[in-house]
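# Summary of the model geometry
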Amino acid sequence: MTASSTTYRIAVIAGDGIGTEVTPAGIDVLRHAVRGEDCALEFTDFPWGCEYYLRTGSMMSADALDRLQDFDAIYLGAVGAPGVPDHISVWELILPIRQRFDQYVNLRPMRLLPGVTSPLAGREPHEIDMVCVRENSEGEYAGLGGRLFADTPHEVAEQTGIFTRRGVDRIAQYAFALAARRPRRLLASATKSNALQHSMVLWDNAVEAVAGAHPSVEWRKYHVDALVARMVTHPQTLDVIVASNLFGDILTDLGAAITGSLGVAPGANINPERQYPSMFEPIHGSAPDIAGRGIANPIGAIWAGALMLDHLGLAAAHDRITTAIERVMAAGEVRTPDLGGQANTLDVTAAVVDALG
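Now for a quick tour of the structure. Keep in mind it's a predicted model, so treat the numbers as computed, not measured. (Residues numbered from 1 in each chain as written. Predicted model: local features only at pLDDT ≥ 70, side-chain atom pairs only at ≥ 80, totals over all residues. Heavy atoms only, no water.)

Turning to a nonpolar patch on the surface, a few remarks are in order. The grouping of Leu148, Phe149 and Val156 at the surface amounts to a nonpolar patch, some 300 Å² of accessible area in total. In this fold, Leu148 is placed in strand 6 (residues 139-148). (Patch = residues over 30% accessible without salt bridge, like charges linked within 9 Å, V, L, I, M, F, W, Y side chains within 5 Å. Areas by Shrake-Rupley, 256 points an atom, 1.4 Å probe, with all protein chains shown as cover. Salt bridge = Lys/Arg side-chain N within 4 Å of Asp/Glu carboxyl O. Helix = DSSP H or I, 4+ residues; strand = E, 2+ residues; numbered from the N terminus.)

Right under this line is the structure:
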C-alpha cells in the first residue's frame, strides 16, 4: 500500500444463528480478494442482535445509528432467534438502519450459478439471470398503523402502506438505469393496480413516466401474481424486476429458491447518493435449525461481500469473487447440504479462497 491508499471502514453485525458462521467466512474471502489492491479493509464488530436483546431489552445500543453513520459500509450476517418475535428483531434493527440511512434500493441478484441444479427442470444458467430492484424505504413496510382493543374479541389491526411519488420515481430511475446497462435491456414492473386502486395506480403512473426517459429499455408491467407464475414458467423472459417493498421481498425469496437455494442469494441495501453507509447481507435469515452445526452455506454472504466491494468502487475485486464462486459451484466438488453436498462452511470458504488464486 502507498501513503495515499484508502482504508474502507466496515461495520460488522454478525447477528444471530448462522450469521455468526457465514460472516467470518465472508470476511476471510474479502480480505483475500483485495490483496494487490491499493486499499485496506478495516472491520469493526458490533454485538447487536437477538442475544443482545435478551440481555439488554434492545436489539442494538441506543447510540447505534450514530455510531454506524461514520462507516463506509455495513456487513450484516442475519437477525432472528427463537424467543424473540420476528417483528421485534426486524423493526428494532434492520428497518431502522434501512430507513435512517435512506437505503432505498434493495438489490437482489437471482442467478442460477454454473453447476447448480434449479428445481425448475432442465433450466440452464442463461435462462435464470434476473435482478430485483426493490423499493426499500416506504411502501407496505413503512410501519404506519396500530392495534386497538388488544386481546379482546373486538381487536382491530391497521397496517397502512405509504407510497410517495418521490419514492417510486427514484426506485424506478435506478431500475431503468440498471436495465439499460444489462445486455437484454428488459424491465418488468410488479403491480397490483387492478385491486389496489390508489397505491399501485400511483406506482404504475410513476414507472411509466420514468420509462419515457429510457427508450432503450423494453418494459412491461405485470400483476404480481402473474409475475410470480412467469418466474416459474418463463424465467428466461425476465431480467430486471422493479417492485414495492412487500412484493420485492416475496419475489426475491422465490427467485432464490429457483436458483437452487436461499443459501446462495445475496442482498444489498443501497443509498445510491452515498450520503450514508449502505448495508450488505445474505437474504437467508438466521436459520436456527442448522445454527451451530457448521454446515451453513457461506456463498450468499460471500456474494453480498462482493456487492459491497463493487459499491465501494472495487469492481475488479468484486469480479474476482464472483468468478471464484462460479468456479467452485461449476466444479461441483465442494457443496453444503442445501445444494446436495457434504461440505461444511469452512470447506466452501477455503475453496472460494483457493479459486481466487
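Let us look at the sheet that holds strand 9 (residues 218-223). An order of 2-1-3-12-11-4-5-10-8-9 is seen for the 10 strands of this open sheet, with the pairing classed as mixed. Because the sheet does not close on itself, it has two edges, and the strands there are strand 2 (39-45) and strand 9. Between one strand and the next, the sheet's axes are offset by a mean angle of 20 degrees, whatever the strand orientation. As judged from the 6 bridges shared by strand 8 (residues 186-191) and strand 9, these two strands associate in the parallel manner. Across the sheet, the residue bridging to Ser189 is Lys221, located in strand 9. Here helix 7 (residues 224-233) sits on the sheet in contact with strand 4 (105-111), strand 5 (129-135), strand 8, strand 9 and strand 10 (240-243), set at roughly 110 degrees to strand 9. (Pairing = 2+ DSSP bridges. Axes fitted to C-alpha atoms, helices over the stretch in contact; angles between N-to-C directions. Contact = heavy atoms within 4.5 Å.)

Helix length check: helix 10 (residues 315-331), at 17 residues, gives a terminal C-alpha distance of 24 Å against a target of 24 Å (1.5 Å per residue), a fit within 8%. For helix 10, the full list of buried residues reads Ala317, His318, Ile321, Thr322, Ala324, Ile325, Val328 and Met329. Looking down the long axis of helix 10, one finds its buried residues gathered within 155 degrees of arc, a one-sided arrangement. As for helix 10, its buried residues are in contact with helix 1 (19-33), helix 9 (299-311) and helix 11 (345-356). At the C-terminal side of helix 10, Gly332 shows a positive phi close to 70 degrees. (Expected span 1.5 Å × (residues − 1). Buried < 20%, exposed > 50% of the residue type's maximum accessible area, 1.4 Å probe, protein only. Arc of directions from axis to C-beta.)

Contact geometry for helix 1 and helix 9: axes closest at 8 Å, N-to-C directions at 45 degrees. In this view, helix 1 runs oblique relative to helix 9, as classed from their interaxial angle. Relative to helix 9, helix 1 is oriented so that their crossing is right-handed. Contacts between helix 1 and helix 9 involve Val22, Ala25, Gly26, Val29, Leu30 and Ala33 from the first element and Ala301, Ile302, Gly305, Ala306, Met308 and Leu309 from the second. Its residues placed into classes, the contact of helix 1 with helix 9 shows 10 nonpolar, 2 polar and no charged. (Parallel < 35°, antiparallel > 145°, perpendicular 65-115°, else oblique. Left-handed = near helix turned anticlockwise from the far one by under 90°. Nonpolar A, V, L, I, M, F, W, Y, C, P; charged D, E, K, R; others polar.)

Mapped onto the fold, Trp203 is located in helix 6 (residues 199-211). Sequence-wise, Trp203 and Val12 are 191 residues apart; in three dimensions their C-alpha atoms are separated by 35 Å. With residues up to four places along the chain from it excluded, the contact list for Trp203 reads Glu135, Phe163, Val168, Ile171, Ser189, Ala190, Thr191, Val242, Ala243 and Ser244.

Another aspect to go through is the pattern of salt bridges. Here the structure, examined in full by the defined rule, presents 17 salt bridges. Across the salt bridge formed by Asp102 and Arg170, the nearest N and O atoms sit 2.8 Å from each other. A residue pair is termed long-range when its members are at least 10 positions apart, and Asp102 in the loop between helix 4 (86-100) and strand 4 and Arg170 in helix 5 (residues 165-181) qualify at 68 residues. With relative accessibility at 17%, the residue Asp102 sits in the buried group. Take Arg170: its relative accessible area is 14%, and that puts it in the buried class. Two residues, Arg182 and Asp129, come together in a salt bridge whose shortest N-O distance is 3.4 Å. Within this pair, whereas Arg182 is found in the loop between helix 5 and strand 8, its partner Asp129 is found in strand 5, the two being separated by 53 residues in sequence.

Moving on: the packing of aromatic side chains. Under the defined criterion, the tally for this structure stands at 4 aromatic pairs. Arranged with centres 4.6 Å apart and planes meeting at 20 degrees, the rings of Phe46 and Trp48 form a pair that is stacked. Taken as a pair, Phe46 and Trp48 share a single burial class, namely buried. Ring pairing ties together the aromatic residues Phe46, Trp48 and Phe71, which thus form one cluster. Residue placement shows Arg9 over the ring face of Phe71; its charged tip is 4.2 Å from the ring centre. Above the plane of the ring of Tyr104 lies Arg170, whose end atom (NZ or CZ) is 3.7 Å from the centre. (Phe/Tyr/Trp six-rings, centres within 6.5 Å; stacked < 30°, edge-to-face > 60°. Lys NZ or Arg CZ within 6 Å of the ring centre and 35° of its normal.)

This part covers unusual backbone geometry. Peptide bonds are trans in most cases, and residues, glycine excluded, mostly fall at negative phi. Although it is not a glycine, Phe149 adopts a positive phi angle of roughly 55 degrees. Within the secondary structure, Phe149 is located in the loop between strand 6 and strand 7 (156-162). Look at Asp151: it is not a glycine, yet its phi comes out positive at around 60 degrees. Within the secondary structure, Asp151 is located in the loop between strand 6 and strand 7.

Turning next to the nonpolar core. Ranked by internal contacts, the top residues of the largest apolar core, which has 88 residues, are Ile241, Leu309 and Ile321. For this core, the leading source of residues is helix 9, giving 8 residues. Dropping the residues within four chain positions of it, Leu309 is found in contact with Leu30, Ala33, Val34, Leu41, Leu314, Ala315, Ala317, His318 and Ile321. Residues Met59, Met60, Val84 and Phe101 belong to the second largest nonpolar core, which totals 22 residues. (Core = buried A, V, L, I, M, F, W, Y, C linked by side-chain atoms within 4.5 Å.)

Our focus in this paragraph is helix 11. Compared with the 16 Å implied by 1.5 Å per residue over 12 residues, the 17 Å span of helix 11 between its first and last C-alpha is a close match. The secondary structure elements touched by the buried residues of helix 11 are helix 1, helix 9 and helix 10. The backbone nitrogen of Leu346 has a side-chain oxygen 3.1 Å away, supplied by the residue at the start of helix 11, namely Asn344. Where helix 11 terminates, the next one or two residues include Gly357, which has phi positive at roughly 80 degrees. (Polar contact = N/O pair within 3.5 Å; in protein donor to acceptor, adjacent residues only side chain to side chain.)

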